[in-house]
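Each chain is listed here by its residues.
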Amino acid sequence: MQQMWTEIDAYIDSHLIPEDPILLYALQNTEDRGYPDHLAVAPNQGMLLQMLIQMNHCKRVLELGTFAAYSTLWLARALPDDGYILTIEGREAHAIVAKENIEHAQLKPTIELQVGRAAELLKALPDDTEAFDFIFIDADKQSYAEYLELSLNLSHSGTIIVLDNVIRAGDIIKSDNHKPSIEGIREMFTALKNHPKILSCTALQTVGSKGHDGLALVLVK
Ligand code: DHB
Ligand code: MG
């Protein structure tokens, strides 16, 4: 099935995703630096993130898990010139590539890259930090429930939170799988259920060039 999913993603991309030299450079540079491409969102998923931001006229974006900033560039593409992204990456080696890709892109919105453990950095934000309009959670899956809670604290009514990789090829329902990453995603699902700060939420399975996975979508009350 994987081959067909990849071919269909290529078909979708060739029709619907404009070739963008900045995004292509980021992918190529990331590969040249020896990093695998499966950690980045697929182009058609990047476009979905961009559309969610455009639909909601978001200006302030928070991203947890920059990796090489491919998704960051999609988020930035969606913003007005005075938009702002705070993106947090846990690994210095990834952040080096992310910085190169962000600098090469020369986009108008401000992109602030912080390196360190996302939970600590979020807790250290000044008390008067303005709420974010859109939050993309794509960092270590083990901490997803914690990231969700911290993100809700940095949200306003109407903020959209998207969480990547919430299906993991079905591992989340395999009861003998107790990997911290999988347990972390299950904790996130439990936290989403009847959360007092959430107006509505869902999760969608996805198949494509990145395999079988899924996205959770949250609208803050
Ligand atoms: C992994 C992490 C991701 O964010 C992703 O989109 C795909 C894979 C991983 O850690 O394996
Ligand atoms: Mg991901």
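Every value quoted in this text rests on a predicted model; they were computed, and no experiment measured them. (Residues numbered from 1 in each chain as written. Chains lettered and ligands numbered in written order. Predicted model: local features only at pLDDT ≥ 70, side-chain atom pairs only at ≥ 80, totals over all residues. Heavy atoms only, no water.)

## Here we look at the overall build of the protein chain
Part 1 of the argument: Each helix and strand counted, the protein chain has 8 helices and 7 strands in total.
Part 2 of the argument: The C-alpha atoms of the protein chain give a radius of gyration of 17 Å, which matches the 17 Å a tight globule of 221 residues would have.
Part 3 of the argument: For the protein chain, the spread of C-alpha atoms along the three principal axes comes to 45 × 40 × 35 Å.
Part 4 of the argument: Residue burial in the protein chain is summarised as follows: out of 221 residues, 51% are buried.
Part 5 of the argument: Of the contacts formed within the protein chain by residues at least 6 apart in sequence, a portion of 72% connects residues at least 24 apart.
Part 6 of the argument: Of the roughly 11100 Å² of accessible surface on the protein chain, a fraction of 55% belongs to carbon and sulfur atoms.
Part 7 of the argument: Taking the average place of the 18 positive charges on the side chains of the protein chain and the average place of its 31 negative ones, the gap between the two points comes to 4 Å. (Helix = DSSP H or I, 4+ residues; strand = E, 2+ residues; numbered from the N terminus. Rg over C-alpha atoms; globule rule 2.2 N^0.38 Å. Buried < 20%, exposed > 50% of the residue type's maximum accessible area, 1.4 Å probe, protein only. Contact = heavy atoms within 4.5 Å. Areas by Shrake-Rupley, 256 points an atom, 1.4 Å probe, with all protein chains shown as cover. Lys, Arg positive; Asp, Glu negative; His and termini not counted. Charge placed at Lys NZ, Arg CZ, Asp CG, Glu CD.)

## Things to note about the site of ligand 1
Part 1 of the argument: In the vicinity of ligand 1, the contacting residues are H38, L39, D138, K141, D164, N165 and R168.
Part 2 of the argument: Between ligand 1 and L39 there is a distance of 3.4 Å, counted from an oxygen atom to a backbone nitrogen or oxygen.
Part 3 of the argument: One of the side-chain nitrogen or oxygen atoms of K141 is found 2.8 Å away from an oxygen atom of ligand 1.
Part 4 of the argument: Taking 290 Å² as the accessible area of ligand 1 by itself, protein coverage stands at 73%. (Near = heavy atom within 4 Å. Polar contact = N/O pair within 3.5 Å; in protein donor to acceptor, adjacent residues only side chain to side chain.)

## A look at the state of the cysteines
Part 1 of the argument: Scanning the entire structure with this criterion turns up 0 disulfides.
Part 2 of the argument: Unpaired in terms of disulfides, C58 finds its nearest cysteine sulfur in C201, a separation of 18 Å. (Disulfide = S-S within 2.5 Å.)

## With respect to the packing of aromatic side chains
Part 1 of the argument: A complete count under the given rule lists 1 aromatic pair for this structure.
Part 2 of the argument: One cation-aromatic arrangement involves R60 over F132; the distance from NZ or CZ to the ring centre is 4.6 Å. (Phe/Tyr/Trp six-rings, centres within 6.5 Å; stacked < 30°, edge-to-face > 60°. Lys NZ or Arg CZ within 6 Å of the ring centre and 35° of its normal.)

## What about the pattern of salt bridges?
Two side chains that carry opposite charge are able to pair once their charged atoms sit near each other.
Part 1 of the argument: Evaluated as defined, the whole model comprises 10 salt bridges.
Part 2 of the argument: E120 is the partner of R117 in a salt bridge, and the nearest nitrogen-oxygen pair spans 3.8 Å.
Part 3 of the argument: Assessed through its relative accessible area of 44%, E120 is described here as partly exposed.
Part 4 of the argument: A salt bridge links R168 to D213; its shortest N-O distance comes to 2.8 Å. With R168 in the loop between β5 (155-164) and α8 (180-192) and D213 in strand β7 (residues 211-220), the pair connects residues that are 45 residues apart, well separated along the chain.
Part 5 of the argument: Given the relative accessible area of 6%, D213 is considered buried.
Part 6 of the argument: One network of salt bridges, in which partners are shared, links R117, E120, K123 and E146. (Salt bridge = Lys/Arg side-chain N within 4 Å of Asp/Glu carboxyl O.)

## Remarks on helix α1 (residues 2-16)
Part 1 of the argument: With 15 residues, α1 extends 21 Å from end C-alpha to end C-alpha; this agrees with the ideal 21 Å at 1.5 Å per step.
Part 2 of the argument: Of all the positions in α1, only W5, D9 and D13 are classed as buried. One side of α1 holds all its buried residues, which, seen down the axis, span an arc of 75 degrees. Projecting away from the buried face of α1 at angles above 90 degrees are the exposed residues Q3, Y11, S14 and H15.
Part 3 of the argument: Its buried side turned inward, α1 meets α3 (43-55), β6 (198-208) and β7. (Expected span 1.5 Å × (residues − 1). Arc of directions from axis to C-beta.)

## Things to note about the pairing of strand β2 (residues 84-89)
Remember that side chains alternate between the two faces of the sheet whenever the strand is regular.
Part 1 of the argument: Most of β2 sits out of view: 6 of its 6 residues are buried.
Part 2 of the argument: Taking every second residue as pointing to the same face, both faces of β2 are buried, with Y84, L86 and I88 on one and I85, T87 and E89 on the other.
Part 3 of the argument: Where strand β1 (residues 60-64) meets β2, 5 bridges bridge the pair, whose relative direction is parallel. Paired with R60 across the two strands is Y84, which belongs to β2.
Part 4 of the argument: Between the parallel elements β1 and β2, the chain passes through helix α4 (residues 70-78) in a crossover that is right-handed.
Part 5 of the argument: Relative to strand β3 (residues 110-115), β2 is paired through 6 bridges, and the arrangement is parallel. The partner of T87 across the bridge, within β3, is L113.
Part 6 of the argument: Once the chain exits β2 it traverses helix α5 (residues 92-105) before rejoining the sheet at β3, and the crossover so formed is right-handed. (Pairing = 2+ DSSP bridges. Right-handed = clockwise from strand over helix to strand, strands pointing away.)

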